[in-house]
Amino acid sequence: MRLILVLGDQLSHDLSALREAGPGDVVVMAEVAGEAEYVPHHPKKIALIFAAMRHFADELRKLGREVIYTRLDDPDNAGTIMGELLRRADETGAGEVIVTQPGEWRVIAALEEGPLPVRILPDDRFLCSLQDFEAWAEGRREFRLEWFYREMRRKTGLMMEGDKPAGGKWNFDHDNRKRATHDLFRPGPMRFAPDAVTREVMDLVAARFGDSFGDLHPFWFGVTRGEALRALNHFIAHALPGFGDVQDAMLTGDRFLNHSVLSIYLNIGLLSPLEVCQRVEAAWKAGDVPINAAEGFIRQVIGWREFVRGIYFREGPDYVARNALGHDRALPAAYWGGETRMECLRAGVEQTRDEAYAHHIQRLMVTGNFALLAGADPGAVHEWYLAVYADAFEWVEAPNTLGMSQFADGGVVGSKPYAASGNYINRMSDYCRSCAYDVKARTGPGACPLNPLYWHFIDRHRARFVGNPRMATVYRNWERMPEARRTAILAQGEAILRRLETGEVV
Ligand code: FAD
Ligand code: DLZ
Ligand code: SF4
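Remember, predicted model here, so these are calculated numbers, not experimental data.

Definitions and cut-offs
Sequence positions are assigned chain by chain, starting from 1 and proceeding in written order. For naming, the first written chain is A and the first written ligand is 1, with later ones following in the order written. Totals for whole chains, interfaces and linings use all residues, but because this is a predicted model, local features are given only for residues with pLDDT of at least 70 and pairs of side-chain atoms are given and counted only at 80 or more. By convention in this description, side-chain values take in all heavy atoms of the structure and omit both hydrogens and water. Starting at the N terminus, helices and strands are each numbered in turn, a helix being any DSSP run of H or I of at least four residues and a strand any DSSP run of E of at least two. What the globule rule says is 2.2 Å times the number of residues to the power 0.38, and the radius of gyration is computed from C-alpha atoms. Any residue under 20% of the maximum accessible area for its type is buried, any over 50% is exposed, and the rest in between are partly exposed; the area is computed with a 1.4 Å probe on protein chains only. Residue contacts are counted whenever heavy atoms from the two residues lie within 4.5 Å of one another. Computed with the Shrake-Rupley method and a 1.4 Å probe, the accessible areas treat only the protein chains shown as cover for residues. Positive charges come from Lys and Arg, negative ones from Asp and Glu, while His and the chain ends are left out of the count. In this description, the location of a charge corresponds to atom NZ of lysine, CZ of arginine, CG of aspartate or CD of glutamate. Between 30 and 60 degrees the pair is tilted, below 30 it is stacked and above 60 it is edge-to-face, where a pair is any two Phe, Tyr or Trp rings, Trp via its six-membered ring, whose centres lie within 6.5 Å. Whether a residue is near a molecule or strand depends on its heavy atoms: it is near if one of them lies within 4 Å of it. By the convention adopted, Pro, Cys, Tyr, Trp, Phe, Met, Ile, Leu, Val and Ala count as nonpolar, Lys, Arg, Asp and Glu as charged, and the other residues, Gly among them, as polar. Buriedness of a pocket was judged along seven lines, with at least five required to meet protein on both sides within 12 Å; pockets are open sets of points on a 1 Å grid over the protein atoms alone, cavities are sets where a 1.4 Å probe fits but cannot get out, and lining residues have an atom within 4 Å of a point. Grid points are joined across faces, edges and corners, and a volume is the space filled by probe spheres set on the points. What counts as a domain boundary in this text is fixed by an automatic or database domain assignment. Directions drawn from the helix axis to the C-beta atoms are what define this arc. In the analysis that follows, any N or O atom pair within 3.5 Å is treated as a polar contact, provided that within protein one partner can donate a hydrogen and the other can accept it, and provided that, for residues neighboring in sequence, both atoms belong to side chains. A helix is expected to span 1.5 Å multiplied by its residue count minus one. Buried area: the sum, over both parts, of the accessible surface (1.4 Å probe) that disappears when the two are put together. A carboxyl oxygen of Asp or Glu within 4 Å of a side-chain nitrogen of Lys or Arg is what we treat as a salt bridge. Note on geometry: axes are C-alpha line fits, over the in-contact stretch for helices, and angles between N-to-C directions span 0 to 180 degrees. Note that the term roughly parallel is reserved for angles under 35 degrees, roughly antiparallel for angles over 145, roughly perpendicular for angles of 65 to 115, and oblique for everything else. Helix crossings get a hand from a simple test, with the near helix turned counterclockwise from the far one by less than a right angle marking a left-handed crossing and a clockwise turn marking a right-handed one.

### Remarks on the overall build of the protein
Counting its secondary structure elements, the protein contains 21 helices and seven strands. Computed over C-alpha atoms, the radius of gyration of the protein comes to 23 Å, within 12% of the 23 Å expected from 2.2 N^0.38 for 506 residues, which places it in the range of a compact globule. Counting over 506 residues, the protein shows a buried share of 59%. Of all intrachain contacts in the protein linking residues separated by at least 6 positions in sequence, the fraction that spans at least 24 positions is 74%. Total accessible area computed for the protein in this model is approximately 20,400 Å², and 51% of it derives from carbon and sulfur atoms. Side-chain charges in the protein split into 60 positive and 69 negative, and the spacing between the mean points of these groups amounts to 7 Å.

### A look at the packing of aromatic side chains
This model, assessed by the stated rule, comprises 30 aromatic pairs. Look at Phe243 and Phe297: their rings are 5.4 Å apart centre to centre, the planes differ by 75°, and that puts the pair in the edge-to-face class. Here Phe243 is found in the loop between helix 9 (225-239) and helix 10 (263-268), whereas its partner Phe297 is found in helix 12 (residues 291-315), with 54 residues between them in sequence. When its relative accessible area of 5% is taken as the criterion, Phe243 is described as buried. Ring pairs connect the aromatic residues Phe133, Trp136, Phe143, Phe148, Trp304 and Phe307, which therefore count as one cluster.

### Comments concerning the site of ligand 3
In the vicinity of ligand 3, the contacting residues are Met342, Glu343, Cys344, Gly422, Ile425, Tyr431, Cys432, Cys435, Tyr437, Val439, Cys448 and Leu450. If you list the elements that add at least two residues to the shell around ligand 3, you get helix 13 (343-355) and helix 17 (422-428). Grouping the constituent residues of the shell around ligand 3 by class yields 10 nonpolar, one polar and one charged.

### Looking at the layout of surface pockets
Approximately 380 Å³ is the volume attributed to the second largest pocket. Lining the second largest pocket are 28 residues, and of these Ser12, Arg125, Gly269, Leu271 and Ser272 lie nearest its centre. Residue contributions to the lining of the second largest pocket reach at least three from each of two domains, namely domain 1 (2-121) and domain 2 (130-193 + 224-315).

### So, helix 5 (residues 105-113)
Listed as buried for helix 5 are Val107, Ile108 and Leu111. Down the axis of helix 5, the smallest arc covering the buried residues is 100°, so these residues share one side. Packed against the buried residues of helix 5 are strand 1 (2-5), helix 2 (33-37), helix 4 (81-92), strand 4 (96-100), strand 5 (118-121) and helix 12.

### Section: the site of ligand 1
His259, Ser260, Val261, Asn267 and Tyr357 are the nearest of the 28 residues found near ligand 1. Measuring from an oxygen atom of ligand 1, one finds a side-chain N or O atom of Ser260 at 2.6 Å. Val261 is positioned such that a nitrogen or oxygen atom in its backbone is 2.7 Å from an oxygen atom of ligand 1. Surface burial for ligand 1 is 99%, taken as the share of its 820 Å² of free accessible area covered by protein chains.

### Some points on helix 21 (residues 483-501)
Between its first and last C-alpha atoms helix 21 spans 27 Å; for 19 residues at 1.5 Å apiece the expected length is 27 Å, and the two agree. The inward-facing, buried residues of helix 21 abut helix 14 (360-373), helix 18 (450-460) and helix 20 (472-480).

### Some points on empty space enclosed by the protein
In total, this model carries four cavities of 30 Å³ or more according to the counting rule given. Forming the walls of the largest cavity are 27 residues, and the residues nearest its centre are Gly8, Asp9, Glu35, Ile49 and Phe393. Looking at the lining of the largest cavity, the elements with two or more residues in it are helix 2, helix 3 (43-62) and helix 5. Ranked by the residues each element gives to the lining of the largest cavity, the list is headed by helix 3, at five residues. Taken together, the residues that form the lining of the largest cavity break down as 18 nonpolar, three polar and six charged. Both of domain 1 (2-121) and domain 3 (333-501) provide at least three residues apiece to the lining of the largest cavity.

### Points about the domain arrangement of the protein
Assigned domains within the protein: domain 1 (2-121), domain 2 (130-193 + 224-315) and domain 3 (333-501). Here domain 1 and domain 3 have C-alpha centroids that lie 38 Å from each other. Residue-level contacts link 13 residues of domain 1 with 16 residues of domain 3. Taken together, the two surfaces of domain 1 and domain 3 that pack against each other cover about 1,100 Å², and 60% of this comes from carbon and sulfur. It is Pro40, His42 and Lys45 that lose the most area in domain 1 upon contact with domain 3, and together they represent 41% of the buried surface on that side. Of all the elements, helix 3 adds the most residues to the side of domain 1 that touches domain 3, at four residues. Residues belonging to the side of domain 1 that touches domain 3 are distributed by class as follows: six nonpolar, three polar and four charged.

### Quick word on the pattern of salt bridges
A full pass over the atoms with the stated rule returns 40 salt bridges. Its salt-bridge partner being Asp215, residue Arg353 comes within 3.8 Å of it at the nearest N-O pair. Of this pair, Arg353 sits in helix 13 while Asp215 sits in the loop between helix 8 (196-209) and helix 9; the two residues are 138 residues apart in sequence, bridging distant segments of the chain. On the accessibility criterion, Arg353 (32% relative accessible area) is partly exposed.

### With respect to the packing of helix 14 against helix 18
Contact geometry for helix 14 and helix 18: axes closest at 9 Å, N-to-C directions at 55°. Relative to helix 18, helix 14 is oriented oblique. The handedness of the crossing between helix 14 and helix 18 is left-handed. The segment helix 14 lies against helix 18, with Asn369, Phe370, Leu372 and Leu373 engaging Leu450, Leu453, Tyr454, Phe457 and Arg460. Residues belonging to the contact of helix 14 with helix 18 are distributed by class as follows: seven nonpolar, one polar and one charged.

Here it is in structure tokens:
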């Protein structure tokens, strides 16, 4: 007999490891401190994973599977996945472990290097196999999402008319850059009341991880496939129609806008990417949602989501240690809840603490941008993102953080860094209206810190970026400024970096 290991983000009934299981094989699931604590996970994230794991184990048992489930507070809990496998192999006499490929090199290494024979099966919940990604990447000088995405549209047939994209264009992003306005009828994601199983997990998490950054209450995530499907229906009916228009916007007090908040369900296996996209396509075909919304959403899922996974596995285990820009400063204390006068950062971190969620533009253009401009060590930035977001698993988090946001991979994920001054935030949000800083000022005590830090970043990385055609205008603008002005801006940037270093409030 064999042990079928199901990890906390593998809660799919059609998982390759479960398909492989035969009579007599035993499913092993384990809540372990090693996984919960290797970064200081947000309590909501741990509660989501443990509650969903417990519900999934119950479903498997109802389907007739034998499941050995270890709770975190089991006095004999070995504390690590490998420790639990060894214990269960000892108890059952199992000679082999079957597992679907984990989404993190660290976990793969632990399984491969352990004393038990482990067979790793491909994770075919993704639409692009790692072999197909290799074949696509082979021989390309650079990887660009747009080309990969077109292949994925052809491959899945989603929003295709023969071999042409529906609506005559592959990409309707041009229509997706509107500012958001307050809308009392914007419903936000579907919320679920915790049942007895989830409440028990919450008590455990409060007792063990209550001191970590992040609020456990209120806990409203769905924790079963049934709930995830209801969340999907709710998104399609209420938020999808406006998804495209305000995809890049940020708005004070509106934490979700028209975003789906489905990544938490997709990433732990409660929803499959294809079913989600097929439902979105069907809503568009039925005339319920505009083409820019449906295309924009599908691009994120079959494009970006699959693209970053391909890159994570192609680039290898050292990806998370990359630091192409040589940034080595500490992550500012504001990220862990310390005081800040920057309204955009305060709002982004506060909502992250409350919800274990921030939408893409907040992650990229607020917390990501400030960390980049402040020269923070990308390893520390990576740890923060992995810890604080409920949807964060390394295969998706690392390429987004180290690649897209921090340019630590030197341009594998994106061709230029997402660096921006306050002007961008002001254009896409209303944060600056209530900020202590003046977004228009570049120097002086009231100047938005992003302004001098932006030019400081541009200046200090001149050698790397000046030849990048996508940054040519930026360098022309910088070099056109009178020298005295440039000197003043750089001095202000230096002063802010020093204040961050000494822990002063910025
Ligand atoms: P929506 O805006 O509703 O988008 C729909 C779906 O598209 C998402 O559920 C997600 O599955 C997919 N998607 C959208 N953008 C991306 C992307 N860039 N990469 C992969 N999938 C994408 N996403 C994660 O799932 N986990 C992470 O740990 C994560 N870390 C990130 C870190 C940084 C620095 C940045 C800039 C982005 C990160 N993202 C991550 C991508 C993106 O921000 C989230 O997928 C998105 O905010 C999830 O919220 P949503 O479900 O409401 O997304
Ligand atoms: C993130 C996480 C946490 C917090 N806890 C567990 C756990 O107790 N047991 C488990 O099987 N998995 C957990 N996970 C997910 C893993 O740490 C890891 O990130 C993924 O399995 C990689 O795909
Ligand atoms: Fe953020 Fe600058 Fe705007 Fe303040 S003024 S909210 S710091 S961009």
